[in-house]
Amino acid sequence: MSASRRSGATDELGPEGSGPEREGPAGSDLLAALLDGMDAALCAFDADGVVTHWNREAERILGWTAEEAVGRAGFAGWAVRSADAEEVEARLMSAMDAPGRQVNEFALLTKDGRRVLVRTQSAAVRGPDGEPAGVYCAFSEVHAQIDLERSIALSEALLEDAGWGVVLVDADLRPAVVNAYAARALGAGRTSVLGRPLGELLAQGVEELESALTHVLAEGAPPAPAELWVTVRTPEGERRRCWRSGFVRLSSPLAEEPVPLGVGWLFQDVTEARQGEQEASLLRFRTQQLHRAARAAAECENPAEAAAVHLDFALAGFADHAVIDRVAEGGGDSDRVRLVRIAETPSGAPGPCRLDGRAGLPVLYADGHPAVQCVERAGTVRAGAGSLRGDAAREWALARQWPQDTVHALCTVLRSRGRTLGAVTFLRTSNRTAFERADAVYAEDVAAHIASALDLAALLPGEG
């Protein structure tokens, strides 16, 4: 059944015999097909208020078919309550005498008796003579309109005012829309990041991010947020950040089959919180190591062995190698500090710290060596190979009497009862980061335990 009355359709196009020859039914069928294919609910009235057109979306909303609707006079008694019929008809038909479109909201009745609040847009239909010949009306459920407006408002709020990053990534894994938070996190302007490969924005972590986006495109959103560590390229340099990220797959709502439009990526910077948690966890671990070392050292009969035990426990998760140098006894003909190696960890293979130094021969440290500076200043000294690589870095380490794979060093003075006993040096390879201020605090705690053990060893007869 057509969405409009076939009788009268040709009259609206023009009287028979006027103009080019037209087949009325064919024109009516084409008009009905056009109306039925539209997403909006549409109906029309002639000048007497009789329904002349009724499309499928109107049928879906109200339940009345075109056969039941077309030919009725107005909405009274079927699509609107009798008490409201006069007002509704007056508001709809007033569009015949008003310029432009008229917008109204009122309640209609569905076929099963439910009330539906709709928003209508109506306008006059002009005849061949230019005079009003009827009214067409497009309407939709108000809650659907409100849902649409809310969706638009939510989208705008997410892109403008949200306290987290929102990035719409297209199917080629390139940013298509970026909000202000995300642009700041990426260290660029909102428009400058659009269409660029993620590898141009991130120095590290791009593989993990692209893998997550590809998975979402293929399989859908993961069940829980993920934390991604990335290094962002910015004009000020590279920044290491942790982003707590959630993903949603975007599909076209207009296609019968889901057509992927990309991925919605929402993230929040949690770097400070995660760094704080890591630091707290590291502090707890190091405190536990000190307690374990103290208990193990208490079982050692030789205080020098107790010092080595402290060093073994301190190395776990902290450094790769360590050496203990003691100030050489005896005078000598100069004021230069001389240090004797009394303990060191094996180089190139795992194992416990080895005691040494019974011969009492000083280590050939050059002037300005970090261990010598440490003793002279009675403080902590940090050193590193810096930008040296390869053979140059190995030469730097060997020149300081350290294992050749050393690139970072931390020398801490050994003091007990107001006397400087020597220095303990912690060494890291290129697999670890440089020593920081928090590392120096831990090294000083370890040095205090080692110094107490060495001082006790010196007091006992026969201990070295």
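Quick look at the structure, then. Here the structure is a predicted model, which is why all the values come from computation and not from measurement.

## A short note on unusual backbone geometry
Part 1 of the reasoning: Phi at Ala378 takes a positive value of approximately 55°, unusual for a residue other than glycine.
Part 2 of the reasoning: Here Ala378 is to be found in the loop between helix 12 (370-377) and strand 15 (380-384).
Part 3 of the reasoning: The phi dihedral of Arg417 is positive, around 50°, even though this residue is not glycine.
Part 4 of the reasoning: Mapped onto the elements, Arg417 comes out in the loop between strand 16 (406-416) and strand 17 (419-429).
Part 5 of the reasoning: Judged by its relative accessible area of 58%, Arg417 is exposed.

## As for helix 5 (residues 82-93)
Part 1 of the reasoning: The end-to-end C-alpha distance of helix 5, which contains 12 residues, comes to 17 Å, matching closely the 16 Å that a straight helix rising 1.5 Å per residue would cover.
Part 2 of the reasoning: For helix 5, the set of buried residues is Asp84, Ala85, Val88, Leu92 and Met93. Down the axis of helix 5, the buried side of the element spans an arc of 145°, and every buried residue falls inside it. Away from its buried face by more than 90 degrees, helix 5 exposes Ala83 and Glu86.
Part 3 of the reasoning: Packing partners of the buried residues in helix 5 comprise strand 1 (41-46), strand 3 (102-109), strand 4 (115-126) and strand 5 (132-141).

## Focus on the nonpolar core
Part 1 of the reasoning: The biggest cluster of nonpolar side chains holds 32 residues, and the ones touching the most others in it are Ile324, Leu414, Phe426 and Ile450.
Part 2 of the reasoning: Those elements that place two or more of their residues in this core are helix 10 (271-298), helix 11 (303-315), strand 12 (321-327), strand 13 (339-344), strand 16, strand 17 and helix 14 (437-459).
Part 3 of the reasoning: The element best represented in this core is helix 14, accounting for nine residues.
Part 4 of the reasoning: In this view, Ile324 contacts Leu311, Val340, Arg341, Ile342, Ala343, Leu414, Ala423, Val424, Ile450 and Leu454; residues no more than four positions away in its chain are not counted.
Part 5 of the reasoning: The next biggest cluster of nonpolar side chains, apart from the first, holds 29 residues, and it includes Trp78, Ala79, Leu108 and Val116.

## Focus: helix 9 (residues 206-219)
Part 1 of the reasoning: Between its first and last C-alpha, helix 9 extends 20 Å over 14 residues, near the 20 Å set by a 1.5 Å rise per residue.
Part 2 of the reasoning: Three or more residues of helix 9 are buried, namely Val206, Leu209, Ala212, Leu213, Val216 and Leu217. Here the buried residues of helix 9 occupy an arc of 135° about the axis, which is enough to place them on one side. In this structure, helix 9 carries Glu207, Ala218 and Glu219 as exposed residues pointing more than 90 degrees from its buried face.
Part 3 of the reasoning: On the buried face of helix 9, the contacting elements are strand 6 (165-169), helix 8 (198-201), strand 8 (202-204), strand 9 (226-234), strand 10 (237-251) and strand 11 (260-269).
Part 4 of the reasoning: Backbone geometry just downstream of helix 9 places Gly220 in the positive-phi region, at approximately 105°.

## Topic: the pairing of strand 2 (residues 51-54)
Part 1 of the reasoning: Sheet analysis places strand 1 next to strand 2, joined by three bridges and oriented antiparallel. From the neighbouring strand, Cys43 faces strand 2, where its bridge partner is Trp54.
Part 2 of the reasoning: Between strand 1 and strand 2, which follow one another and run antiparallel, lie four residues, and Gly49 among them has a positive phi close to 85°.

Rules behind the numbers
- Residues numbered from 1 in each chain as written.
- Predicted model: local features only at pLDDT ≥ 70, side-chain atom pairs only at ≥ 80, totals over all residues.
- Heavy atoms only, no water.
- Helix = DSSP H or I, 4+ residues; strand = E, 2+ residues; numbered from the N terminus.
- Buried < 20%, exposed > 50% of the residue type's maximum accessible area, 1.4 Å probe, protein only.
- Expected span 1.5 Å × (residues − 1).
- Arc of directions from axis to C-beta.
- Contact = heavy atoms within 4.5 Å.
- Core = buried A, V, L, I, M, F, W, Y, C linked by side-chain atoms within 4.5 Å.
- Pairing = 2+ DSSP bridges.

Fair warning: the whole summary comes from geometry, so function is off the table for now.
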